[in-house]
Amino acid sequence: MNKKEILIKINQLYKIFGKDTSHALELVKNGMNKDELLEKSNCVLGLNNINLNINKGQIQVIMGLSGSGKSTLIRHLNRLIEPTSGEIFFNDTNILDLSIKELTQFRQNHMSMVFQKFALFPHKTILQNVGYGLAIQGISKDVWTEKSVKWINRVGLDGYESYFPGQLSGGMQQRVGLARALATDAEILLMDEAFSALDPLIRSEMQNILLDLQNELHKTIIFITHDLDEALKIGDRIAILRDGSMIQDSGPQNIIMNPKDDYVSDFIKDINRARVIQAKSIMSPTNTKSSGPVISDKMVLEDILQIMSDAPSKPVTVKNVEGKVIGKIAMPNLIEGMKRPKSQGTNITG
Amino acid sequence: MDWFFEFPEMERSGLRDFKKAIDFAFRDFSRSYGEGIESFFEPLLMFLVWFEKLFIHTPWPIIIAGILLLAWFGSRSIPILIGTLVSFLLIGYFGMWEDTMSTLAIILVSTILCISIGIPTGIAMARSDRVQTIVVPVLDVMQTIPSFVYLIPVVMLLGIGKVPGLIAVCIYAIPPVVRLTNLGIRLVDKAVLEAADSFGANYWQKLFGVQMPLALPTIFAGINQTIMMALAMVVIASMIGVKGLGLPVLRAVSNQYLALGLMNGLAIVVLAIIFDRVTQKFGLRMQKYRKEIKD
């Protein structure tokens, strides 16, 4: 992940639902917000000037409350929803310029999707579900069966090949959804609130499965969620949407340490800071070794506190993965880290 | 204030001329095109006659064996099988075998006709809202107009015989299969279709791989209703020359033969029940995947 290569580039993407969208688009571009637009022209503002670069091999989380446009945004990437205006580049091709035939090809080869409510085919067996993406490409049955069995085993559902989705529990169904998406070997994985419908224990289990798979496969994953803990756990980058506008897009640590406005601050207010803030976010940069113990830059605040409580007066040394000293942490750093930051932007009215 | 209490009607003479004009126009139409239309339906007639002959000339044990086989394939139920066997034996014993075979032939042909026209129409309706807004009122007319009324133009055009009877039966029986095909496809879960889309399925792959299989139980309910309505129409169709169980019923009504009417009427009922149970069981078996949910 040293060299960041941009795989998907979203430029000035707008989506307006309703009639006479071209007029509404003008109004939005002139600064009208969602509520005013609804009142004036009876159109619903879905996405408002979204610009986002998604790096290859990373998990890009898109977060927001319901109605913030996150599900709309992810559906633009494979054009399940057509935009009102804007561009989405995959490498050098603008996805929005593809003809129907090219789009079908593109969906078959480059992107696959996991859905919140699983959306499995109830009349097909697990094997047929997982092989669906391959089967519709015209690949022979032997080949897709072999690949599907491999993925079914990989998500831990060995022996369930001939079951129907209705016979499995929610967590198992979503494993099928995941296997189905992985079976086509598409490099981009779209996950629309994929784990939101599962109960907490199973959700956490599925997150671990996803992270395991990602360590091995290095896919580019766009992950939609409304759950900040989930976003912090799996996201390499987190973009926050509100009323169709992108508010902040940065690394998870940065979101917690430097929320851009009150909306983001509100979002992060309830998380357990001690469990998510890492050493590198609170250290004072230095390259000389301090008197206390040495810790990794990814260690979370809670663990640092454990270590420091033995000798509170001695600052700990922070080293990065290569073992180089990059900073130190003393008690005031810890206190500063625990404190909720004030938003940096101005207050948002309304 | 006359107009307030008496509805302002059209002039009598005007109304008469108006009706006459329609009658003459249609008569001219049927005189000039009637033969052409008749020859257009020629293959249908041959098809129907062929089936009728096949059913009547095949020895009865073979027919019963065939029907039992179909019933078993459809329902996999011993009680239904026994019921079917007893019913057909009784029908034969009471001397209604030939009429029953004629009725079976026309039901079979009209069901095939209804399915082959109805399902594609339903698919087209499900695909396009515009087609739906055009077809729905047509179906409403077909279902509600008294059947005697549309018998008039059909008879004027094609005379009395098997084909007009078949057409009359189809007009009456086709709406359920069209409606329920449309409904079944439209009711398929949007999320599942979205999933198919996201994997790059094209229209036909979605239709035959996802929509039709999931709509099949609903479509089958439509086919079931179509068969039932075709059976109900058999008596009326006998008025315009369709042979079968309807004819004796008609004769019984005009001559007040209670026993004759009752027996043939009951034979129609028995056929209806057998068809209904077998097709319903078949429809249920098709949605087995829905029923085995553990939890």
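Residues numbered from 1 in each chain as written. Chains lettered and ligands numbered in written order. Predicted model: local features only at pLDDT ≥ 70, side-chain atom pairs only at ≥ 80, totals over all residues.

Colleague: Help me out: how do you make sense of the overall build of chain B in this one?
Modeller: If you tally the helices and strands in chain B, you get 14 helices and 0 strands. Each helix and strand of chain B, placed in order from N terminus to C terminus, yields the pattern α-α-α-α-α-α-α-α-α-α-α-α-α-α. Summarising its shape, the C-alpha atoms of chain B cover approximately 75 × 60 × 45 Å along the three principal directions. A buried classification covers 35% of the 295 residues belonging to chain B. A fraction of 77% describes how many contacts in chain B between residues 6 or more apart in sequence connect residues 24 or more apart. (Helix = DSSP H or I, 4+ residues; strand = E, 2+ residues; numbered from the N terminus. Buried ≥ 20, exposed ≤ 12 C-beta atoms within 10 Å, placed from the backbone. Contact = placed C-beta atoms within 7 Å.)

Colleague: How do you make sense of the overall build of chain A when you look at a structure like this?
Modeller: If you tally the helices and strands in chain A, you get 16 helices and 14 strands. With the principal axes as the frame, chain A shows a C-alpha extent of 65 × 55 × 35 Å. Long-range contacts, defined as pairs at least 24 residues apart, comprise 68% of the intrachain contacts of chain A with a sequence gap of at least 6.

Colleague: Got a minute to help me understand the nonpolar core in this structure?
Modeller: A general trend in soluble globular proteins is that nonpolar side chains are found buried together. Counting 155 residues, the largest nonpolar core has V169 and M233 of chain B as its most contacted members. Ranked by residues supplied to this core, first place goes to helix 11 (residues 203-237) of chain B with 15 residues. (Core = buried A, V, L, I, M, F, W, Y, C linked by C-beta atoms within 7 Å.)

Colleague: Sorry, what's going on with unusual backbone geometry here?
Modeller: With glycine set apart, most residues show a phi of negative sign, and most peptide bonds adopt trans. Of note in the backbone geometry, D243 of chain A takes a positive phi value of approximately 50° without being a glycine. Tracing the sequence through the fold places D243 of chain A in the loop between strand 9 (237-242) and strand 10 (245-250).

Colleague: Help me understand the environment of K56 of chain A, please; the structure alone is not making it clear to me.
Modeller: Residue and element names in this part refer to chain A. Within the secondary structure, K56 is located in the loop between strand 2 (44-55) and strand 3 (59-63). Between the C-alpha atom of K56 and that of Y263, which follows or precedes it by 207 residues, the distance is 29 Å. Beyond its immediate stretch of four places on either side in the chain, K56 contacts E5, L7 and T220.

Colleague: I keep staring at the interface of chain A and chain B and nothing clicks. Help me out?
Modeller: Reports of interface size often rely on the accessible area that becomes lost once the parts have come together. Each side of the interface is counted separately: chain A has 21 residues, and chain B has 19 residues. Counting residues per element, the ones that place at least two in the side of chain A that touches chain B are helix 4 (100-109), strand 6 (111-114) and helix 6 (132-135) of chain A. For the side of chain A that touches chain B, the leading source of residues is helix 4 of chain A, giving 4 residues. A breakdown of the residues in the side of chain A that touches chain B according to their chemical character gives 9 nonpolar, 10 polar and 2 charged. (Nonpolar A, V, L, I, M, F, W, Y, C, P; charged D, E, K, R; others polar.)

Colleague: Would you mind going over the domain arrangement of chain A with me for this structure?
Modeller: Looking at the assigned domains, one finds that chain A contains domain 1 (54-268) and domain 2 (277-338). One C-alpha centre belongs to domain 1 of chain A, the other to domain 2 of chain A; they are set 36 Å apart. (Domains from an automatic or database assignment.)

Colleague: Explain the confidence of the model for chain A here, please?
Modeller: Detailed conclusions should not be drawn from predicted coordinates in areas where pLDDT is low. In the predicted model, chain A carries a mean pLDDT of 87, and the fraction of residues at 70 or more is 97%. Confidence drops under pLDDT 50 across residues 345-350 of chain A; counting only partners more than four residues distant or on other chains, this segment forms 6 contacts. (pLDDT = per-residue confidence, 0-100.)

Colleague: Teacher, can you tell me more about the domain arrangement of chain B here?
Modeller: Residues and elements named next belong to chain B. Here the domain parsing of chain B yields domain 1 (9-40) and domain 2 (44-287). Computed over C-alpha atoms, the centres of domain 1 and domain 2 are 32 Å apart. Taken together, the contacts link 6 residues of domain 1 with 4 residues of domain 2. When its residues are assigned to classes, the side of domain 1 that touches domain 2 shows 2 nonpolar, 2 polar and 2 charged.

Colleague: Whenever I open this one, the pairing of strand 7 (residues 188-192) of chain A confuses me. Can you help?
Modeller: It is a general feature of regular strands that their side chains alternate between the two faces of the sheet. All names here are of chain A. Of all 5 residues in strand 7, 5 are buried; the element is thus mostly enclosed. Of the two faces of strand 7, both are covered, the one formed by I188, L190 and D192 as well as the one formed by L189 and M191. Of the strand pairs in this sheet, strand 6 and strand 7 are connected by 4 bridges, and their pairing is parallel. Residue pairing in the sheet places S112 in a bridge with L189 of strand 7. Where strand 7 and strand 8 (residues 220-225) come together, 5 bridges link them in parallel fashion. Bridge pairing links L189 to I221 in strand 8. In this view, the connection linking strand 7 to its parallel neighbour strand 8 by way of helix 9 (residues 200-217) has right-handed handedness. (Pairing = 2+ DSSP bridges. Right-handed = clockwise from strand over helix to strand, strands pointing away.)

Colleague: Before we go on, may I ask you to explain the sheet that holds strand 12 (residues 294-296) of chain A in this structure?
Modeller: Two orientations exist for strands paired in a sheet by backbone hydrogen bonds: parallel and antiparallel. All names here are of chain A. Taken together, 4 strands build an open sheet; the order of strands is 11-14-13-12 and the sheet is mixed. Of all strands in the sheet, those bounded by a partner on one side alone are strand 11 (284-285) and strand 12. Pairing geometry for strand 13 (residues 316-319) and strand 14 (residues 325-329), over 4 bridges, is antiparallel. Residue K319 lies in a different strand from strand 14, and its bridge partner there is V325.

Colleague: Would you explain the packing of helix 15 (residues 301-310) of chain A against helix 16 (residues 331-338) of chain A in this entry?
Modeller: Two quantities define a packed helix pair, namely the angle between the helix axes and the distance between the axes. Residue and element names in this part refer to chain A. Put simply, helix 15 and helix 16 touch, their axes get as near as 11 Å, and they point 150° apart. On the basis of the axis angle, helix 15 is roughly antiparallel to helix 16. As helix 15 runs across helix 16, the sense of the crossing is left-handed. Along the contact surface, helix 15 presents L301, I304, L305 and M308, while helix 16 presents L334, G337 and M338. Looking at the contact of helix 15 with helix 16 residue by residue, the class counts come to 6 nonpolar, 1 polar and no charged. (Axes fitted to C-alpha atoms, helices over the stretch in contact; angles between N-to-C directions. Parallel < 35°, antiparallel > 145°, perpendicular 65-115°, else oblique. Left-handed = near helix turned anticlockwise from the far one by under 90°.)

Colleague: Can you help me understand helix 8 (residues 170-183) of chain A in this one?
Modeller: In an α-helix, one turn spans 3.6 residues; hence positions three or four apart end up facing the same way. All names here are of chain A. If you check helix 8, its first and last C-alpha atoms are 20 Å apart, about what 14 residues at 1.5 Å a residue would give, namely 20 Å. For helix 8, the tally of buried residues reaches 11 of 14 residues, placing the bulk of the element in the interior. Buried residues of helix 8: Q173, Q174, R175, V176, G177, L178, A179, R180, A181, L182 and A183, and no others. Where helix 8 is buried, its residues meet strand 6, helix 5 (126-130), helix 6, helix 7 (141-154), strand 7 and helix 9. Downstream of helix 8 by one or two residues, D185 has phi in the positive range, about 60°. (Expected span 1.5 Å × (residues − 1).)

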